[in-house]
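Each chain, written out:
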Amino acid sequence: MLNRENSNIIFREACQLMPGGVNSPARAFDAVGGDPIVFDRGEGAYLYDVDGNRYLDYVQSWGPMILGHAHPQVIAAIQAAAVKGTSFGAPTQLENTLAKIIIDTIPSIKKIRFVNSGTEAAMSAIRLARGFTGRKKIIKFIGNYHGHVDSLLIAAGSSAATLGVPNSPGVTEGAVQDTIILPYNNVDTLKDTFHRIGKEVAAVIVEPVAGNMGCVIGNSNFLYELRHLTQEHGSILIFDEVMCGWRVGKSGAGSRFSLLPDITTLGKVIGGGLPVGAYGGREDIMNNVLPAGKVFQAGTLSGNPLAMAAGIATLKVLNETDPFAAVERKSAMLAEGLEDAAREAHIPVTVEQIGSMMTLFFLSDTDSKTDIYRISGTTFNGGIVERSTATSSTGGCFSSKISDWDSASKCNTKRYAEFFWKMLERGFYFPCSQFETFFMSTVITEKEINQTINAAAEVLKSLK
Ligand SMILES: *Cc1c(COP(=O)(O)O)cnc(C)c1O
């Protein structure tokens, strides 16, 4: 057993000071049982805990650290900004720079507003969509997570799913009465809903690649229908790319699926590890945000210079080095390796993978017999999925055994927990829940991926 004495002491104290000892529930190890690791530092592909143990990190702060930890250019940018003062509550040029990089990268974003988290981005985007359309109803999908916005905190995947809290106490019926929840990737219920009440729908918010019930890839036909139906009924289509932005390719999921949403929400990667969110989209819509328009939204620390500097440095490195195809290849290599190892061990799994996101789903034994499904293998073709694949119902490359919360939730979470702990003992840090996404980064090498696969092969053979 790894020595985790210091971790345990610090976490015990944390439990006296903070609810559950953490500041975000996903960090607690409740879903796998046991106490979380307390970290001291990160460097490149690795995290180091307070007892000096080293872990290869596939969590990456739940998505942001696509360049690895303490990337020299990002750290230098933060340091340079910090010595000039940490917050002015007034415009800086850094905001323009980050805004320009994002607007140049994501085709559907013509104007953008920075906030401090993905939650804020989703909350503001919903308010804007309602203000713009004068309508009330919002459609969200079961198992999609958009932060802890009251009106979106139903059937919200992630920690909510992990901890079995479908509806949070404190969210009133009033707060969710205009929220309609539909199954993900299901075209029939979507069409039916729009035919009945399409003209009352202010917005549909969707994770085009879902990452909060494990990685579940949006079916291209489903996303295409979403675009078509919202357009036809005058509803706003919001792509929540807080997680999948820069993870499924350089220009986001919108480009990958050849679809232009009206509003996109961003976070995670665009902050380079500092707290940043953003929402942006069509100019005629964004011009309704105060003070250009009348929809209120504000933030004392929004556009914070340190956060902007970290985001600029991260996106600049990504633009200059264009690592997306290479990261996707490494990601597919890990996916294939895990899947082959599981097959040899006769453990039924399916791996969902796109870009640098993936999840190893442990199928329930009754569900799966000996079949092992290969979902990924999408070749990266510059970020654009051809129209022919984008409109076919299986999407050519995206067919899937795990396509929604219903199928994800049937997975063998006990077996995942055993896999998690045994990998942790060997120095590999995977998400502490079956319903979270593994991330690949630019700094994890093929050698380290092979080490991961070899360790996983041993572990999988030992699973009950
Ligand atoms: C993480 C996440 C959010 C919430 O972002 P926070 O910064 O944690 O508030 C919203 N949407 C998606 C898709 C996410 O993955």
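In the block above lies the structure referred to throughout.
Described below are features of the structure shown in this document. As the structure is a prediction and not an experimental result, all values here were calculated from the model.

**Quick notes on the site of the ligand**
- Residues in close proximity to the ligand include Ser-117, Gly-118, Thr-119, Tyr-145, His-146, Gly-147, Glu-207, Asn-212, Asp-240, Val-242, Met-243 and Lys-268, which together make up its full environment.
- For the ligand, a nitrogen atom lies 3.2 Å from a polar atom in the backbone of Tyr-145.
- At 3.1 Å, a side-chain N or O of Asn-212 approaches an oxygen atom of the ligand.
- Taking 380 Å² as the accessible area of the ligand by itself, protein coverage stands at 83%.
- Across the shell around the ligand, the residue classes break down as three nonpolar, six polar and three charged.

**Some thoughts on the sheet that holds strand E4 (residues 111-115)**
- The mixed open sheet is built from seven strands, whose spatial order is E4-E12-E11-E10-E7-E5-E6. With partners counted over all chains shown, the strands left at the sheet margins are E4 and strand E6 (179-182), one partner each. Direction aside, neighbouring strands of the sheet carry axes that sit 20° apart on average.
- Taken strand by strand, helix H3 (residues 93-105) contacts E4 and strand E11 (263-266), and its axis lies near 125° from that of E4.

**A closer look at the environment of Gln-434**
- Counting through the fold element by element, Gln-434 comes out in the loop between strand E16 (428-429) and strand E17 (438-439).
- Residue classification places Gln-434 among the buried residues on the basis of a relative accessible area of 3%.
- Spatially, the C-alpha atom of Gln-434 lies 18 Å from that of Ile-37, the residues being 397 residues apart in sequence.
- Not counting residues within four places of it along the chain, the set of residues in contact with Gln-434 comprises Gly-214, Thr-359, Leu-360, Phe-361, Phe-362, Cys-411, Asn-412, Thr-413 and Tyr-416.
- Looking at Gln-434, its side chain comes within polar contact range of the main-chain oxygen of Leu-360, at 2.9 Å.
- Within the structure, the side chain of Gln-434 is placed 3.0 Å from the backbone nitrogen of Phe-362, a separation counted as a polar contact.

**A word on the nonpolar core**
- One finds Tyr-58, Phe-362, Phe-419, Phe-430 and Leu-460 to be the most contacted residues of the largest nonpolar core, which totals 46 residues.
- For this core, the secondary-structure elements that each account for two or more residues are strand E2 (46-49), strand E3 (54-57), helix H12 (324-344), strand E13 (349-354), strand E14 (357-362), helix H16 (413-425), E16 and helix H17 (446-462).
- Here Phe-419 is in contact with Leu-360, Phe-362, Phe-430, Ala-456, Val-459, Leu-460 and Leu-463, once residues within four sequence places are set aside.
- In this structure, Val-201, Val-204, Leu-226 and Ile-354 belong to the second largest nonpolar core, which totals 39 residues.

**Observations concerning the packing of H3 against helix H11 (residues 305-321)**
- Running from N to C, H3 and H11 point in directions that differ by 35°, and their axes come no closer than 9 Å. As for how H3 packs across H11, the hand of that crossing is left-handed. Contacts from Leu-94, Glu-95, Thr-97, Leu-98, Ile-101, Ile-102 and Thr-105 in H3 reach Pro-305, Met-308, Gly-311, Ile-312, Leu-315, Lys-316 and Asn-319 in H11.
- Class assignment for the residues of the contact of H3 with H11 results in eight nonpolar, four polar and two charged.

**What about the pairing of E2?**
- Residues Tyr-46 and Tyr-48 of E2 are buried on one face, and the alternating residues Leu-47 and Asp-49, pointing to the opposite face, are buried as well.
- Relative to E2, strand E1 (residues 39-43) is paired through four bridges, and the arrangement is antiparallel. Paired with Gly-42 across the strands is Leu-47, a residue of E2.
- Joining the antiparallel neighbours E1 and E2 is a turn of two residues, in which Gly-44 adopts a positive phi near 60°.
- Pairing between E2 and E3: three bridges, direction antiparallel. Following the sheet pairing, Leu-47 is matched in E3 by Tyr-55.
- In sequence, E2 turns back onto E3 through a hairpin of four residues, with Gly-52 there showing a positive phi of about 85°.

**A few points about H16**
- Between its first and last C-alpha atoms H16 spans 18 Å; for 13 residues at 1.5 Å apiece the expected length is 18 Å, and the two agree.
- For H16, every residue scored as buried is listed here: Arg-415, Tyr-416, Ala-417, Glu-418, Phe-419, Phe-420, Met-423 and Leu-424.
- Once H16 ends, the next one or two residues include Gly-427, with phi positive near 90°.

**Focus on the packing of aromatic side chains**
- One pass over the full model with this rule turns up 17 aromatic pairs.
- Measuring from ring centre to ring centre gives 5.1 Å for Phe-29 and Phe-420, while their planes differ by 90°; the resulting arrangement is edge-to-face. Here the residue Phe-29 occupies a position in the loop between helix H1 (5-17) and E1, and Phe-420 occupies one in helix H16, the gap between them amounting to 391 residues.
- Given the relative accessible area of 0%, Phe-420 is considered buried.
- Where Phe-362 meets Phe-419, the ring centres are 5.5 Å apart and the plane angle is 55°; that geometry is what we call tilted. Linking Phe-362 in strand E14 with Phe-419 in helix H16, this pair joins segments that are 57 residues apart in sequence. For the pair shown, Phe-362 and Phe-419 are each scored as buried.
- Note that Arg-41 overlies the ring of Tyr-48, its terminal NZ or CZ placed 4.0 Å from the centroid.

Reading the values: rules and limits
- Residues numbered from 1 in each chain as written.
- Predicted model: local features only at pLDDT ≥ 70, side-chain atom pairs only at ≥ 80, totals over all residues.
- Heavy atoms only, no water.
- Near = heavy atom within 4 Å.
- Polar contact = N/O pair within 3.5 Å; in protein donor to acceptor, adjacent residues only side chain to side chain.
- Areas by Shrake-Rupley, 256 points an atom, 1.4 Å probe, with all protein chains shown as cover.
- Nonpolar A, V, L, I, M, F, W, Y, C, P; charged D, E, K, R; others polar.
- Pairing = 2+ DSSP bridges.
- Helix = DSSP H or I, 4+ residues; strand = E, 2+ residues; numbered from the N terminus.
- Axes fitted to C-alpha atoms, helices over the stretch in contact; angles between N-to-C directions.
- Contact = heavy atoms within 4.5 Å.
- Buried < 20%, exposed > 50% of the residue type's maximum accessible area, 1.4 Å probe, protein only.
- Core = buried A, V, L, I, M, F, W, Y, C linked by side-chain atoms within 4.5 Å.
- Left-handed = near helix turned anticlockwise from the far one by under 90°.
- Expected span 1.5 Å × (residues − 1).
- Phe/Tyr/Trp six-rings, centres within 6.5 Å; stacked < 30°, edge-to-face > 60°.
- Lys NZ or Arg CZ within 6 Å of the ring centre and 35° of its normal.

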